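Observations on the three-dimensional arrangement
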Amino acid sequence: GTIQNDILKEFLTRNTYIYPPRPSMRIVSDIIAYCSKNMPKYNTVSISGYHIMEAGADSVLQTAFTLADGKEYIRAAIDGGLKIDEFAPRLSFFFGVGMNFFMEIAMLRAARYLWHEIVGEFNPTNPRSSVLRTHVQTSGWSLTQQDPYNNIIRTTLEGLAAALGGTQSLHTNSFDEAVSLPTPLSSRIARNTQIIIQEESQICHVVDPLGGSYYIESLTASIIREARKIMDEIEELGGMAKAIETGMPKMRIEESAARRQARIDQGRDTIVGVNKYCIQEETPIEVLDIPGSVRDEQISRIKQIKSTRNNAAVQKALEKITAVAEKGGNLLEASIEAVRLRATVGEVSDAVEKVFGRYVATTRVISGAYSSEYGESEVLEALRERTNRFLEKTGRRPRQLVTKMGQDGHDRGIKVVATAYADIGFDVDISPMFQTPEEAARMAIENDVHVVGVSSLAAGHKTLVPELIENLKKMGGEDIIVVVGGVIPPADYDFLYSRGVKGIFGPGTAVTDSADKVLHLLEEQYL
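Keep in mind the model is a prediction, meaning the values are calculated, not measured.

A word on empty space enclosed by the protein
- Here the structure, examined in full by the defined rule, presents 2 cavities of 30 Å³ or more.
- In this structure, the largest cavity encloses a volume near 60 Å³.
- Secondary-structure elements contributing two or more residues to the lining of the largest cavity are helix H1 (8–14), helix H11 (248–266) and helix H18 (412–424).
- Per-element accounting of the lining of the largest cavity gives the leading share, 4 residues, to H11.
- Broken down by class, the residue content of the lining of the largest cavity amounts to 4 nonpolar, 1 polar and 5 charged.
- Each of two domains, domain 1 (7–246) and domain 3 (369–526), supplies a minimum of three residues to the lining of the largest cavity.
- When its volume is computed, the second largest cavity comes out at roughly 30 Å³.
- Lining the second largest cavity are Asn151, Ile152, Thr155, Asn173, Ser174, Phe175, Ile189, Ala190 and Thr193.
- If you list the elements that add at least two residues to the lining of the second largest cavity, you get helix H7 (150–165) and helix H8 (184–199).
- The class makeup of the residues in the lining of the second largest cavity is 4 nonpolar, 5 polar and no charged.

Structural data, given as structure tokens:
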């Protein structure tokens, strides 16, 4: 089996952290230590570049940051008393592959080369310690809502690149994931895509089939060279954990994402069906609807477990976890004891938090990345003139809060929107992650914004957005405009409009188009 156990990428991109970086690294090393002793064939870490790519990193950034994470985990395990050969053979990786076909192949080849070099610094004696074993997932970000059957072709090319690059295992995304969770049909197509690559194409009969190609070798060498520069920079900062504290890796990823979006919005990077070869009519596809009863059923199960377990024994086990967090010992071992007594994950997390505390990230808007990539443009200039006119007429720039509510940690969209809107002339506030609708409404009122932009990629929009609007009304913010973006099935649009949403921007919407619509709403209301 495999556990992800990659906390550093949470601080970089995915955002599902609880505790600060340093105590979080202790949890990682405790898991490695426990499994190395008790479960020697278990993959103790799956070091993820996939989420780094999905957040906007190019191939060089994905390679550098993923391997730098891996090096930090090696150091943490060694600091915890382990020897390199006791755990390194069970480290695994998880890379993301997009549509830059030859570059993706070269990235996987470069990563293997560099990982062997990195592990060599710790003097292993077992050759398996230096082997980069990786899983690959095709890109979710490359999937489009427009002309969605194109996504089957995209996933096929990405899966082929992963196989040619030497992945050990593969996840192929379903073509409808830009709109909703996969249906049984789309899941079967995704599964069969990789089976056909594996069993019909005959490409799996040779190791590194593109080795020796001048172009592939040149790309591989260039990624090795450029990734080394970034990893050297990270080392100068004291390693990846300290680099994350400076904000450097996150800022690089967000800048890369903003520049990529600017190229797409201009049509310089072609996305078929989105900015070129577009069709006028929408292609209807089946959408999987997850009923709200799923949440209610899970809450009921937890209540039932708590009513039938030995609560005194559970409380004692939770107190032990807190003591181990404070005084030392293996946290996974203590947690397993509590879970066997039917403690919940939330209770275990709370017991650790009493000592480690809770981490709140600082959010910053990168200015200039989107507009500098866009260059001189009549579109941008026209939007800037409108924000300046709004300033002249009202005495304030248009102010927007972008927010993520619920357990949705994917923030690439709101960071790109925030960067672009700031370059256009908006004042932009970014909320903390995982807000409740009440917290988001309160922040909107306190910051005196004109617009709240809600990003939803985890199917919570039908619950969270109406609650946000109700809370705004209760707090006297009924004039605040609410717009929504992200993975919103078209079948849900009318529901959201009926609850008071003024604009919906699905996957593939150009940022400039969304800004135009938001400005139109503001002009109607205030000018």
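Some thoughts on the environment of Lys276
- Position of Lys276 relative to the elements: it lies in the loop between H11 and helix H12 (293–308).
- A relative accessible area of 38% means that Lys276 is categorised as partly exposed.
- Expressed as a C-alpha distance, the spacing of Lys276 and Ile203, which sit 73 residues apart in the sequence, is 32 Å.
- Once residues within four sequence positions are removed from consideration, Lys276 is found in contact with Thr270 and Ile271.

Some details on the nonpolar core
- In terms of nonpolar packing, the biggest core is built from 61 residues, with Phe65, Phe87, Trp115 and Met240 touching the most fellow members.
- When sequence neighbours within four positions are dropped, the list of residues in contact with Phe87 reads Ile32, Ser36, Ile74, Ala77, Ile78 and Leu82.
- Core analysis: the next-biggest nonpolar cluster, separate from the first, contains 27 residues, Val428, Phe505, Val511 and Val518 among them.

Structural notes on the packing of aromatic side chains
- Taken as a whole and assessed by the stated rule, the structure comprises 13 aromatic pairs.
- Each ring, one from Phe11 and one from Tyr359, has its centre 5.2 Å from the other, and the planes form 85°; the classification is edge-to-face. You can see Phe11 sitting in helix H1 and its partner Tyr359 sitting in the loop between helix H15 (345–356) and helix H16 (369–374), a full 348 residues away along the chain.
- Residue Tyr359 is classed as partly exposed on the basis of its relative accessible area of 26%.
- Geometrically, the ring pair formed by Phe390 and Tyr526 is edge-to-face, given 5.9 Å between the ring centres and 80° between the ring planes. Separated by 136 residues along the polypeptide, Phe390 in helix H17 (residues 378–394) and Tyr526 in helix H22 (residues 511–526) bring together distant segments of the chain.
- In this structure Phe390 comes out as buried when scored by relative accessible area, which is 1%.
- Taken together, the ring pairs in this structure connect Phe11, Tyr17 and Tyr359 into an aromatic cluster.
- In this structure, Lys462 packs its charged tip against the face of Phe495, placed 5.4 Å from the ring centre.

Things to note about the sheet that holds strand S7 (residues 451–456)
- The 5 strands are arranged S6-S5-S7-S8-S9 in an open sheet whose pairing can be described as parallel. The open sheet has two edge strands with one neighbour each: strand S6 (427–430) and strand S9 (503–505). The mean inter-strand angle of the sheet, taken between neighbouring strand axes irrespective of direction, is 20°.
- Of the strand pairs in this sheet, S7 and strand S8 (residues 481–486) are connected by 6 bridges, and their pairing is parallel. Its bridge partner lying in S8, Gly453 is registered against Val483.
- Packing of H18 onto the sheet brings it into contact with strand S5 (399–404), S6 and S7, and relative to S5 it is tilted by some 170°.
- Packing against the sheet, helix H20 (residues 461–474) makes contact with S7 and S8, and its axis sits at approximately 165° to S8.

Topic: the sheet that holds strand S3 (residues 134–138)
- Strand order in the open sheet formed by 4 strands is S1-S2-S3-S4, with parallel pairing between adjacent strands. Of all strands in the sheet, those bounded by a partner on one side alone are strand S1 (45–48) and strand S4 (169–171). The mean inter-strand angle of the sheet, taken between neighbouring strand axes irrespective of direction, is 25°.
- In the sheet, S3 pairs with S4 via 3 bridges, with the strands oriented parallel. Its bridge partner being in S4, Val136 is matched across the sheet by Leu170.
- Against the sheet, helix H6 (residues 101–120) contacts strand S2 (91–97) and S3, and its axis sits at roughly 160° relative to S2.

So, how was this worked out
Residues numbered from 1 in each chain as written. Predicted model: local features only at pLDDT ≥ 70, side-chain atom pairs only at ≥ 80, totals over all residues. Heavy atoms only, no water. 1 Å grid on protein atoms, 1.4 Å probe; cavity = no way out; pocket = protein on both sides within 12 Å on 5 of 7 lines; lining within 4 Å. Points joined across faces, edges and corners; volume = space filled by probe spheres on them. Helix = DSSP H or I, 4+ residues; strand = E, 2+ residues; numbered from the N terminus. Nonpolar A, V, L, I, M, F, W, Y, C, P; charged D, E, K, R; others polar. Domains from an automatic or database assignment. Buried < 20%, exposed > 50% of the residue type's maximum accessible area, 1.4 Å probe, protein only. Contact = heavy atoms within 4.5 Å. Core = buried A, V, L, I, M, F, W, Y, C linked by side-chain atoms within 4.5 Å. Phe/Tyr/Trp six-rings, centres within 6.5 Å; stacked < 30°, edge-to-face > 60°. Lys NZ or Arg CZ within 6 Å of the ring centre and 35° of its normal. Pairing = 2+ DSSP bridges. Axes fitted to C-alpha atoms, helices over the stretch in contact; angles between N-to-C directions.

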